[in-house]
Amino acid sequence: MIRRPPRSTPKPSSAASDVYKRQVHYCVANMPGGVPRTSTLALNKAILPMLTKLADQGFKKTLSENKNKIQSEWLKKADFLTEILPFMKRYANRVIVVKFGGNAMGKKEYIDSFAKDIVLLQQVGMLPVVVHGGGPQIGEMLSKLQIKTEFINGLRITDAATIDVVEMVLSGVTNKSIVTAISNSGAKSVGISGKDGNLITAKRLLKVDNNSDSNVEKAIDLGYVGEPETIDPQVIHALINEKMIPVIAPVGMGLDGQTYNINADTAAGAISAAMKAS
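This text gives an overview of the structure that appears in the document. (Residues numbered from 1 in each chain as written. Predicted model: local features only at pLDDT ≥ 70, side-chain atom pairs only at ≥ 80, totals over all residues. Heavy atoms only, no water.)

### Considerations on helix H6 (residues 234-241)
Under the convention used in this document: Under the scheme applied here, a residue whose accessible area is under 20% of the maximum for its type counts as buried, over 50% as exposed, and between as partly exposed, the area being computed with a 1.4 Å probe on protein chains only. A helix here means a DSSP run of H or I that spans at least four residues, while a strand means a run of E at least two residues long, and both kinds are numbered starting from the N terminus. Think of the arc as the fan of directions from the helix axis to the C-beta atoms. Note on contacts: a residue pair is in contact if any heavy atoms of the two residues lie within 4.5 Å.
Among the residues making up H6, those that are buried are Ile236, Leu239 and Ile240. Along H6, the residues classed as buried sweep out an arc of 100° about the axis, all on the same side. The outward face of H6, more than 90 degrees from its buried face, is lined by the exposed residues Gln234 and Asn241. On the buried face of H6, the contacting elements are strand E1 (95-100), strand E2 (127-132), strand E5 (188-193), strand E10 (244-249) and helix H7 (264-274). Looking at the residues trailing H6, positive phi occurs at Lys243, about 65°.

Below, the structure is given as structure tokens:
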């Protein structure tokens, strides 16, 4: 007579063991008719086959989804690295000023994607400095506060009430959202404005109305809109030396102590020139 080996209690796969531990209490508590008065072994025999199948299916599905996502992310990084490899040696330990426009900050995933690229630049040996805009964000806040705003030749007329909102938006939530994204991507970042460390000393921007039909040039009063007069990059160097990524809001201060709203492209260009960035 041939004896069959005793049946062993089915065991969940190692991959599903964690899922099993979380699900066992649920399955026991929800068994039809309540928990039967049986031994632990009998209970395990009743539950484990169902539980193992459930856990394995869930784990395999999750693993497959995560695997595809991870592969896609790494392929994107590989493509990006392939493009920048020729420049990595050339720009190692060189300052790279990057302007991040307000229109590109409409969604959190856009900011997160930008932050990952900036962190990658630092990881391959470059010294990124971020200067950001925030026009749409300023416009949205002005609308919420019911403050009317006007534009002339693409520049916002900035009165006393508007400049307070501009500084609040640029130096506040907009700046810190980028800092947070960079920090979450694995690097240290510090948000500052052009007023910190006297980074940007500004002066009032004087513009001429090019749309006027008169032969006489007409000056446009844009209010507290400024342009960089001098740049003192000492605060940026201090942050870079501590392996931190500066994130700069384009708000400057005049010699009279007045705050000025500065176009982000203009601020980025002035900072780049002062630091002899690549």
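### A look at the sheet that holds E10
Condition: Two strands are counted as paired when DSSP detects at least two bridges linking them. Lines are fitted to the C-alpha atoms to define the axes, a helix being fitted only along its stretch in contact, and any angle between axes, read from their N-to-C directions, falls within 0 to 180 degrees.
Taken together, four strands build an open sheet; the order of strands is E1-E2-E10-E5 and the sheet is parallel. A strand with exactly one partner marks an edge of an open sheet, and here the two such strands are E1 and E5. Neighbouring strand axes in the sheet, compared pairwise and without regard to direction, differ in orientation by 25° on average. Of the pairings in the sheet, the one linking E1 to E2 comprises six bridges and is parallel in character. Looking across to E2, one finds that Ile96 is bridged to Pro128.

### Structural notes on unusual backbone geometry
Here Asn93, not a glycine, exhibits a phi torsion of approximately 60°, which is positive. Tracing the backbone through its elements, the reader meets Asn93 in the loop between helix H2 (40-88) and E1.

### Considerations on the pairing of E10
Within E10, five of the six residues are buried, which leaves the element mostly enclosed by the surrounding structure. Of the strand pairs in this sheet, E2 and E10 are connected by two bridges, and their pairing is parallel. By the bridge assignment, Val131 is partnered in E10 with Ile248. For E5 and E10, the ladder comprises six bridges, and the chain directions are parallel. Its bridge partner being in E10, Gly191 is matched across the sheet by Val247.

### So, the pattern of salt bridges
Side-chain pairs of opposite charge can arise where the charged atoms are in close proximity. Here is the rule: Salt bridge, as used here: a side-chain nitrogen of Lys or Arg that lies within 4 Å of a carboxyl oxygen of Asp or Glu.
Taken as a whole and assessed by the stated rule, the structure comprises four salt bridges. The salt bridge partner of Glu140 is Lys144, with a shortest N-O separation of 3.7 Å. Note that Glu140 and Lys144 are positioned in helix H4 (residues 135-144) at a spacing of four residues, about one turn of the helix. Lys144 gets classed as exposed once you look at its relative accessible area, which sits at 59%.

### Quick notes on the layout of surface pockets
Cut-off, in case you're wondering: Site definitions follow a grid-based scheme: protein atoms alone, a 1 Å grid, a 1.4 Å probe that fits but cannot get out for cavities, and for pockets an open set with protein on both sides within 12 Å along at least five of seven lines, plus lining residues having an atom within 4 Å of a point. Grid points are joined across faces, edges and corners, and a volume is the space filled by probe spheres set on the points. Asp, Glu, Lys and Arg are counted as charged, while Ala, Val, Leu, Ile, Met, Phe, Trp, Tyr, Cys and Pro are counted as nonpolar; the rest, among them Gly, fall into the polar class.
Counted as a void, the largest pocket has a volume near 490 Å³. Contributing to the lining of the largest pocket are 16 residues, with Glu73, Lys76, Lys77, Lys116 and Asp117 lying nearest its centre. Where the lining of the largest pocket is concerned, the elements lending two or more residues are H2 and helix H3 (108-123). In terms of residues, the lining of the largest pocket owes the most to one element, H2, which gives eight residues. Each residue belonging to the lining of the largest pocket can be placed in one class, and the counts come to six nonpolar, four polar and six charged. Only H4, strand E4 (155-156), strand E12 (259-262) and H7 provide two or more residues apiece to the lining of the second largest pocket.

### As for the nonpolar core
Operational definition: For our purposes a nonpolar core is just a set of buried Ala, Val, Leu, Ile, Met, Phe, Trp, Tyr and Cys residues, chained together by side-chain atoms within 4.5 Å.
By size, the foremost hydrophobic cluster in this structure holds 22 residues, and its most contacted members are Phe100, Phe114, Ile118, Val130, Ile178 and Ile182. Elements represented by at least two residues in this core include exactly E1, H3, helix H5 (160-184) and E10. Once residues lying within four places of it in the same chain are set aside, the contact partners of Ile118 are Val98, Pro128, Val130, Ile182 and Ile245. Formed by 20 residues, the second largest nonpolar core is a distinct cluster that contains Val95, Leu239, Ile240 and Ile271.

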